[in-house]
Amino acid sequence: MSKSPSPTRKAAKPATSTKAAKVLANPPLEAQLESRLDQALSVAFPHLDRSKIRVQTVLKFRLGRDSTSFDGAKSWVAEGRADLLIFHDERPLAVIEVKRSTVKLTPVDAQQAQGYANQFSPRPPVMIVTNGHETHLYNSATGQPWTPETDGERAVSKLLENAAKVAEADMKWAIDVLIGPGADVWPTVIRARTRDLIARRTAQAGQGGKPYVDGLLIPREATQSILTNLRAGKRVVLVDGPPLAGKSNVLRELAETTETGEDFAVLLMRGATGLFQGIANILSPALEWEVTPQNVRQWLRRLALFDRGPVLVLAIDGLEPDSPMARDLEELAEFALGDRVRVVAATDDTSRFTKGGNKRNSTAIGDLTPASVTVGMLSAAEFAAAERVLGDLAIHFLPGAAHAADYRAPWVLRALYDRLVVLPNYDPATGYFMIPGILGVAAVDEARRAFKDQSEVQRAYGLLARDDLDDVGGGPMGLALARSYSFVIRRDALSPESQSHLETLVADGWVSLYRNAEGDDLVVPTTPELFISEMALELSRRLETKAADDPVAAAYWLAKELEGSCFADVVGAQAIRDLMTRTGGGDWRLIETLLAMEPELEVITDGLVAMSLGDGPMINVRFEGNQAWLTDKTGTVRGPSLPVEEPQRVYGVMAPWMILSQLSALPMAMGDPDNRADAEILLQIGMAPIPLLRATKDAAGHLMHDLGDLGEVLCQDQGVIEPATASMAQLLGSRWVHVDDWITVAIKSGSVPLLHRVYLALLSVRASVQRRSKWADTTLNTRVRPALDACLKSGLATQVSEKPAA
């Protein structure tokens, strides 16, 4: 037996009283809307005294702590629909939804009108939906069709009396506020909760421990990719990338970008709780009523039936496999994901959400063929956007910063921003602050200043650093390669004391946990500059013990400990600095030994080499002459040979001179204050025939000039991106009395790499140090450039003359 349709009535003649209904609307109702309203009232209340009826078009009501208003007249003009409230003797009598005559009425209209009626207490007992041709009447308490009685006044009094009793006895319909009218109410609640979460997770400039910082948000290409996929109809978008790449800020940008639009309403959530419980926790205070996970399930199902308004986007930050959130998303994918409900989830490993435990069968999310968006280090376009954002804050980069790999890491820009905006003389309206080309030990000073009141976090980070140093040879080769790009600590290597801090660190946002592609469970400090500080402190204590017995052996130990590790130069330089500060100078033999450990260039013609993109799958390659093969871990060939056009070159023993590059940024004197040890160090390491640059996962790429036997030097167009050259610029820009003598020694060395570094340093001083600009220009053009040109001509001529005839 088919369900009977809702009663459809033709407009009856109005009641005997000809007094027009009082309409409170500003501006006045458009004529067509007023005509539709008059017809609907005639159908619903044909015998009612119209003088007692008032129509309200501008409605204001509270959703928890928030006040919201809607203008039905404006909605009619803009969308061809209007939601109005009818009062009888100043008591809510009916909700009326007026549609254009071209819009067909459907049963969904009753659900939408009922949700709207539920916003008022007492609830209006009647719901009216009309398009001018048809008028449907419903009981707001049941949602069922309603037929008006012949005794208008008595019927209305009874309706209002019953509505008051229902309102007093049963408020369990509070969750229905979210689903009416159409898309007018719930997006307001959702966006307000998202703003609240962003505010709670935003730190003031100069502070840490939270993923967002006030005043700084760098536009990312990943955000636009997410929006493109959502607009294309993708139900699920999985956002992956290494820790600290900026996934959380991408979700923040997504929410803020769409907040004022009509397409999407983003509910930002953390992945710590279940989805349904999490939404219930968010909505309960918003509605000032207890919302249960089952209420949320019902709401999402009903939301899927909406035919207009924005799409709900559930943006999950920090989605973990096998978590309550992951399980609830699987359930959601089974019943409610579609055109009106979508998911964007940020995670470190997307494959664990699309494949089952056997890695063969798809999960419910996998069956939806989710889009994948990867967030990495800043691209060239993204760095240009970062320059514009920081430029608006009076923070500017020295020329060549676009080629500095350090600045492609979002957390580095955050650390620099935090450092500068808390300076006493910072004023974005009048200031002009220059950022050096590399990240140095000054970042450690700022971290210690910024986090001086976070003693518990400092201790916990110190324990993690200790565990990492004790984990000698821990993990596979792929993890060793990952450690050269980022700070990661194996969970299996944590001490009991570190384990006791872990839960609090995760909850407070100081570390994140994830599992890499090779199955290693890892801990990642989310404030790397503070971890660098604690790692340096722990290293300095161990270095002090070893140097007391044998400074030479201690230097070799330090170099070996840091070779190939993340920010080895900064960590090592700060460790030596802490040692010198604590002991009153340390043993100079430590420095001399590091100076004696020159970088090496190795050409690989035969052998098995493991390569990895950060913490991703490791690639094993066997080289033999001019051929190469992909292999498994044992070296067994797994494919055809590949031609090798040029021999593969690998730089080794880089840590000692990289450490000294950073250390020489600090003025060091031996006896006489003008007898600068840092200047002597720079003369020697400046002769390095290769760029002294740190390994990075997502390097911007460096342009180099290969001068044959004279060495390799960085292109001058890239500016100062090498720590040794930056330290030279600092020395040459200072008031040191022997700086001209130092230039003379550098010229007499005849070293092309050294003179080229001096040349780049002088270019930087000329551009950025106003009081030294004229001196730098004169020295550059009259002394250094002629000397460099002469050495290049002589050296290159010698190489040509020594080559055998073809």
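Since this is a predicted model, take the numbers as computed values, not measurements.

Conventions adopted
- Residues numbered from 1 in each chain as written.
- Predicted model: local features only at pLDDT ≥ 70, side-chain atom pairs only at ≥ 80, totals over all residues.
- Heavy atoms only, no water.
- Pairing = 2+ DSSP bridges.
- Helix = DSSP H or I, 4+ residues; strand = E, 2+ residues; numbered from the N terminus.
- Axes fitted to C-alpha atoms, helices over the stretch in contact; angles between N-to-C directions.
- Contact = heavy atoms within 4.5 Å.
- Parallel < 35°, antiparallel > 145°, perpendicular 65-115°, else oblique.
- Left-handed = near helix turned anticlockwise from the far one by under 90°.
- Core = buried A, V, L, I, M, F, W, Y, C linked by side-chain atoms within 4.5 Å.
- Buried < 20%, exposed > 50% of the residue type's maximum accessible area, 1.4 Å probe, protein only.
- pLDDT = per-residue confidence, 0-100.

## Remarks on the sheet that holds strand E11 (residues 236-240)
Pairing is parallel in the open sheet, where five strands are placed in the order E12-E13-E14-E11-E15. Single-partner strands in this sheet number two, and they are strand E12 (264-270) and strand E15 (371-374). Between one strand axis and the next, the sheet turns through 20° on average, direction left out of account. For E12 and strand E13 (residues 311-317), the ladder comprises seven bridges, and the chain directions are parallel. Its bridge partner lying in E13, Val-266 is registered against Val-313. Sheet strands in contact with helix H5 (residues 186-200) are E12 and E13, and its direction is about 40° off that of E12. Contacts between helix H10 (residues 324-335) and the sheet are confined to E12, E13 and strand E14 (341-346), with E13 contributing the most and set at about 155° to the helix.

## Some points on the packing of helix H20 (residues 551-562) against helix H22 (residues 588-596)
Contact geometry for H20 and H22: axes closest at 8 Å, N-to-C directions at 50°. By the angle class used here, H20 and H22 are oblique. Both H20 and H22 take part in a crossing whose hand is right-handed. For the pair H20 and H22, contact is made by Pro-551, Val-552, Ala-554, Ala-555 and Tyr-556 and by Arg-589, Leu-590, Thr-593 and Leu-594, respectively.

## As for the sheet that holds strand E18 (residues 489-490)
An order of E18-E20-E19 is seen for the three strands of this open sheet, with the pairing classed as antiparallel. Lying at the two open borders of the sheet, with one neighbouring strand each, are E18 and strand E19 (511-515).

## Structural notes on the nonpolar core
Grouped together as the largest cluster of nonpolar side chains are 122 residues, with contacts concentrated most on Tyr-407, Leu-732, Trp-742 and Val-758. Among the elements that take part in this core, helix H27 (residues 752-768) stands out by supplying ten residues, more than any other. Contacts of Trp-742, omitting those with residues within four sequence positions, involve Ala-679, Leu-682, Leu-683, Met-728, Leu-731, Leu-732, Trp-736 and Val-758. Counting residues in hydrophobic clusters, the runner-up holds 36 residues, among them Val-189, Ala-326, Val-343 and Phe-353.

## Focus on the confidence of the model for the protein chain
Summary statistics for the protein chain give a mean pLDDT of 78 and a share of 77% for residues scoring 70 or more. Counting contacts from residues 1-29, a segment whose pLDDT is below 50, to residues more than four positions away or on other chains yields 50 contacts. Per-residue pLDDT stays below 50 along residues 612-617; that stretch engages in 19 contacts with residues further than four places along the chain or on separate chains.

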